[in-house]
Amino acid sequence: MATGDLALGQLEGATSVRERVINDFSINVATVNGSGSQSANSVLLKSIFGMGVPVSGKNLFPSNIAGLPTWYTIRASKDGYVARKRASEVLVALNADTAREDALALPSGGVAIYEEKLDLKQYREDVVFYPVPLDKITAEICPEAKLRKLVRNMVYVGAVAQLLRIDLSVVESGLRKQFAKKVKVFELNFGAVKAGFDYAAENLPKQDQYFIERADQTKGKIIIDGNAAAGMGAVFAGVTVVAWYPITPSTSVVEATTDLLKKFRVTPEGKATFAVVQAEDELAAIGMVLGAGWAGARSMTATSGPGISLMAEFAGLGYYAEIPGVIFDVQRTGPSTGMPTRTSQADLLSVAFLSHGDTKHVVLLPGSVKECFELAYAAFDLAERLQTPVFVLSDLDLGMNNWMSEVFEYPTTPLDRGKVLTAEDLDRLGGFARYRDVDGDAIGWRTLPGTRHPKAAYFTRGSGHNDAAGYTEKPDEYIEVMERLSRKFENARKLVPGPVTVKDGTSKIGVLAYGSTDFAMRESLDQIKKEYGRSVDYMRIRAYPFAHEIHDFVATHERVYVVEQDRDAQLASLLKLDLPADQVVKLRSILHYNGLPLDARTITEEFATKEGL
Amino acid sequence: MATTAPAPKLNHIGLPVLEYRGGKTTLCAGCGHNAISERIIDAMYQMGVEPERVMKMSGIGCSSKSPAYFMARAHAFNSVHGRMPSVSTGAILANHTMTTLGISGDGDSASIGMGQFVHMMRRNLPMIYIIEDNGVYGLTKGQFSATADLGSKLKTGVVNDLAGIDTCALAIQLGATFVGRSFSGDKKQLLQMLKAAIAHKGTVMLDVISPCVTFNDHEGSTKSYKFMQDNDEPINEVDFVASFDDIEVDYGSGEVYEVEMHDGSNLRLRKLQEGYDPTDKANAVRTLMESQQNDEILTGVFYIDTQKPTFIDLLNLVDEPLGQLPESVTRPAKATLDGLMASLQ
């Protein structure tokens, strides 16, 4: 079975069969991709959310359009844990090809809700079985054969809702929202939900211990995926030029951006205040981003590992010629094509140093959907302030999965368009040198093409240049620019988003992590405290170059674990390059890189082993 | 007693030609590219283009260095090898009110940059794209490029055994709306074509044969000055009358193909090949393919379409440059975000 350690069948926090488990379990919907189950799973997720219970959803899908196994896991957690859990207690089995393995993966005392024909009872005796004649019910309520595949999904939603005691009214209002204006579609779907619900109520007496009960933990919260949040951030950053090439798992960043631009950035006359271009490849996408950034537009692209590799040469040009642009990298597993639909954090080093020569980049590391939004708009400000490409490193888990979040806040500061001289400025100054550090912040002033002043123009080039943008091969002139670029990067430590720290000030042990690792990390810290009585300080890194607080954090702890989702300890490596030699020896790595989202137990076990607990 | 120099001649926006000059060239003496730079200066000056309203874009190679040698008052972007089209696309999207001039070479466009060249032509963005075509890589000392003709010989005696890519035929097929070929040594033809290019709205692709005096100007080369002087076959005589010119030229009827340009100028193409219609796309491509078979080097304006929408039209962009829209336009209001948040609850 492709889900790897789901097969371990270990039940976390095992409880006796008779004891009720309320709002604290996972549901695994095993289906086939291309069957249209995505919207049914979304309704189920939102129904639990609607019950006021903290929830997260993860789609584990193949790199394929139709016919291969897909699993969608929904975790309800009264404690607010939203990371992946190794085992799911409730199985919804719809895929004949994986049904046996899916059933065998259930923990003892687990629940199997399944298409009757799959006959799962033959495989286990320690599981509660709820067979549902989905095909039969579907055929009865849906005369149109073409629609049955989709309607069938809603039938299982109804059965699951009834069995877990989710209020039908909550499912109904969720559906109504989903199909807002399409009354007929709503009626068809809700009819299916109700048929499944009624069947379960009449035929399947509750025998298991898993319940969803109404709570008050999701009030005022939203559900969104990281890519939609990032796209929203870009729109509220005032992006005007988007150039991209489709690649999983970043495509939905641009789709979300485009949808919002079409809604909110068209003039009353029907004219667009934005341009979205599907480029011929990622080389062209980044070229367009830099051309637009050079000419004064807020420009962006979104890609994943293979696209990042193609962008390498241009990334160096952007760094050296000092051109703003924003690049979202939604990471998937590599090397090469790797596993395109599995998550990873293994692009960090290649992004930080993308291109040949002495090149380094500002990289922002959002750790939640809210930060996907916030760091997206921060990236545009930083790119124009620092006059450099800024990378936003997300990953498939954060980007494509649904997360619960506080509502996003409107930016409190105006757009920072950076240091740009106008014709009036040039009149006053009598001219300018593009790459001269006149303010001591290592950032020169630039002009935009079209500025009507005889002294406005300068020559932008990736070849050796002096501080007046003139071509040079002179050693001292070359070094002058390179040193200033270094100082600019050093100054960026103070401008990028600082780390977030959780500590009580007593622990000698620290943990450093970034991005989507945060969800599992916070749960793991609770496990370590609860199970081993150890309190560990935690700092979540939000950007490269590293803020000074990160150095201080390492300096004030005896041992520091760096938890990340790649094989080669890339974050730890980057830290080692940055830290004083005597601090480097403090770092230890906890690594996870099998393509599945990180779970807390993996961290806790590895930590316990390494600490000898 | 000091004498005052005569006042320099000014163009119709009041600038002397000196204001269209650039830095001193570092290319070889006699390089065709220098002559092209001179014609660009003449054309921009005569057309009265504001230098500050021009973006000079280029890739990498001898040709791509040349924007440093003309119009110092225009912003320039010497980008990476073969990628000038994408950088230009971005720059034009950010500010489509500019006159954009791209300078590329045969290596930069027909080899490393072929992918981007193809898609640039397809989009019909408003820009002038010039290939300074000498059939060899100059900066790496004389290897063949992909436009070198079949049978052309290198100085070392190596013979090119692949047919050259005809960038004009390609550009016409792909969707460029003004396509022609000229020769750096033909001052009159090149100047007229450049002036018409400035007046055109859409992608202009000009392949300008520009001999490399150091690596490809010898006996046996098909891109030498001598070979071009002997084999240049103009398909039409190009005459451009700008909208602000007060000239009436009278040709006998039936001899001239007259094209009214977007800005009210007139492009007059006196037919040198019987029945050649520069708006007939299929015929233009066929004529070019036949000329390649017959070892002829056709020059002139091969194709023009003044009606096709540009990429800017297709994107339906506002008149103002996107890069200069104020925050009030580009950042949606707080109520918009609040509405989005409510829809996600």
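Definitions and limits used
- Residues numbered from 1 in each chain as written.
- Chains lettered and ligands numbered in written order.
- Predicted model: local features only at pLDDT ≥ 70, side-chain atom pairs only at ≥ 80, totals over all residues.
- Heavy atoms only, no water.
- Helix = DSSP H or I, 4+ residues; strand = E, 2+ residues; numbered from the N terminus.
- Rg over C-alpha atoms; globule rule 2.2 N^0.38 Å.
- Buried < 20%, exposed > 50% of the residue type's maximum accessible area, 1.4 Å probe, protein only.
- Contact = heavy atoms within 4.5 Å.
- Areas by Shrake-Rupley, 256 points an atom, 1.4 Å probe, with all protein chains shown as cover.
- Lys, Arg positive; Asp, Glu negative; His and termini not counted.
- Charge placed at Lys NZ, Arg CZ, Asp CG, Glu CD.
- Pairing = 2+ DSSP bridges.
- Axes fitted to C-alpha atoms, helices over the stretch in contact; angles between N-to-C directions.
- Salt bridge = Lys/Arg side-chain N within 4 Å of Asp/Glu carboxyl O.
- Phe/Tyr/Trp six-rings, centres within 6.5 Å; stacked < 30°, edge-to-face > 60°.
- Polar contact = N/O pair within 3.5 Å; in protein donor to acceptor, adjacent residues only side chain to side chain.

A. Representation of the overall build of chain B. A tally of regular secondary structure across chain B gives 12 helices and 13 strands. Its C-alpha atoms give chain B a radius of gyration of 22 Å, within 12% of the compact-globule value 20 Å for 345 residues. Once the C-alpha set of chain B is aligned to its principal axes, its extents read approximately 75 × 65 × 50 Å. For chain B, the proportion of its 345 residues judged to be buried stands at 58%. In chain B, 71% of the contacts between residues at least 6 apart in sequence involve partners at least 24 apart. Accessible surface, chain B: about 13,800 Å² in total, of which carbon and sulfur atoms supply 52%. Looking at chain B, you have 29 positive and 41 negative side-chain charges, and the mean spots of the two groups are 7 Å apart.

B. View of the sheet that holds strand β7 (residues 178-183) of chain B. An order of β17(A)-β2(B)-β1(B)-β3(B)-β4(B)-β8(B)-β7(B)-β13(B)-β9(B) is seen for the nine strands of this open sheet, with the pairing classed as mixed. Of all the strands in the sheet, the pair left with one neighbour each is β17 (459-461) of chain A together with β9 (232-234) of chain B. Each adjacent strand pair in this sheet contributes to an overall mean axis angle of 20°, direction not counted. For strand β4 (residues 127-133) of chain B and strand β8 (residues 203-209) of chain B, the ladder comprises seven bridges, and the chain directions are parallel. For Ile130 of chain B, the partnering residue across the bridge sits in β8 of chain B and is Leu206 of chain B.

C. Just helix α6 (residues 167-174) of chain B, in detail. Taken together, the buried positions of α6 of chain B are occupied by Thr167, Cys168, Ala169, Ala171 and Ile172 of chain B. Phi for Gly175 of chain B, located one or two positions after α6 of chain B, is positive at around 130°.

D. Representation of the pattern of salt bridges. Scanning the model with the defined rule gives 57 salt bridges over all chains in all. One salt bridge connects Arg123 of chain B with Glu280 of chain A, and the closest N-O pair in it is separated by 2.7 Å. Linking Arg123 of chain B in helix α5 (residues 114-123) with Glu280 of chain A in the loop between β11 (275-278) and α9 (282-294), this pair reaches from one chain into another. In this pair, the class of Arg123 of chain B matches that of Glu280 of chain A, namely buried. A salt bridge links Asp207 of chain B to Arg181 of chain B; the shortest N-O distance between them is 2.7 Å. With Asp207 of chain B in strand β8 and Arg181 of chain B in strand β7, this residue pair connects regions lying 26 residues apart in the sequence. When sorted by exposure, Asp207 of chain B lands in the same class as Arg181 of chain B, which is buried. Overlapping salt bridges bring together Glu371, Asp518, Arg522, Arg540 and Arg542 of chain A as one network.

E. Fine view of the packing of aromatic side chains. Residues and elements named next belong to chain B. Tallied over the entire structure, the rule returns 17 aromatic pairs over all chains. Plain terms: the ring middles of Tyr20 and Tyr45 are 5.9 Å apart, the flat faces sit at 75° to each other, and that makes the pair edge-to-face. On the criterion of sequence distance, the pair formed by Tyr20 in the segment before α1 (32-47) and Tyr45 in helix α1 is long-range, its members being 25 residues apart. For Tyr20, a relative accessible area of 0% translates into the label buried. Of the residues examined, Tyr45 reaches a relative accessible area of 13% and is grouped as buried.

F. Structural view of the side chain of Ser58 of chain B. Residues and elements named next belong to chain B. Note on placement: Ser58 falls in strand β1 (residues 54-58). Only 3.3 Å separates the side chain of Ser58 from the side chain of Asn78, close enough to count as a polar contact. Filtering out sequence-adjacent residues up to four positions away, Ser58 remains in contact with Ser64, Pro67, Phe77, Asn78, Ser79, Met84 and Ile103.

G. Local environment of the sheet that holds strand β20 (residues 537-541) of chain A. Residue and element names in this part refer to chain A. With mixed pairing, the five strands of this open sheet are ordered in space as β18-β20-β19-β22-β23. Strand pairing shows two members of the sheet lacking a second neighbour, β18 (500-502) and β23 (587-591), which therefore form its edges. For this sheet the average axis-to-axis angle between neighbouring strands, irrespective of direction, equals 20°. Across five bridges, strand β19 (residues 509-514) lies against strand β22 (residues 559-564) in parallel orientation. Pairing of Gly510 across the sheet is with Val560, part of β22. Across the face of the sheet, helix α21 (residues 600-611) comes into contact with β19, β22 and β23 while running at roughly 150° to β22.

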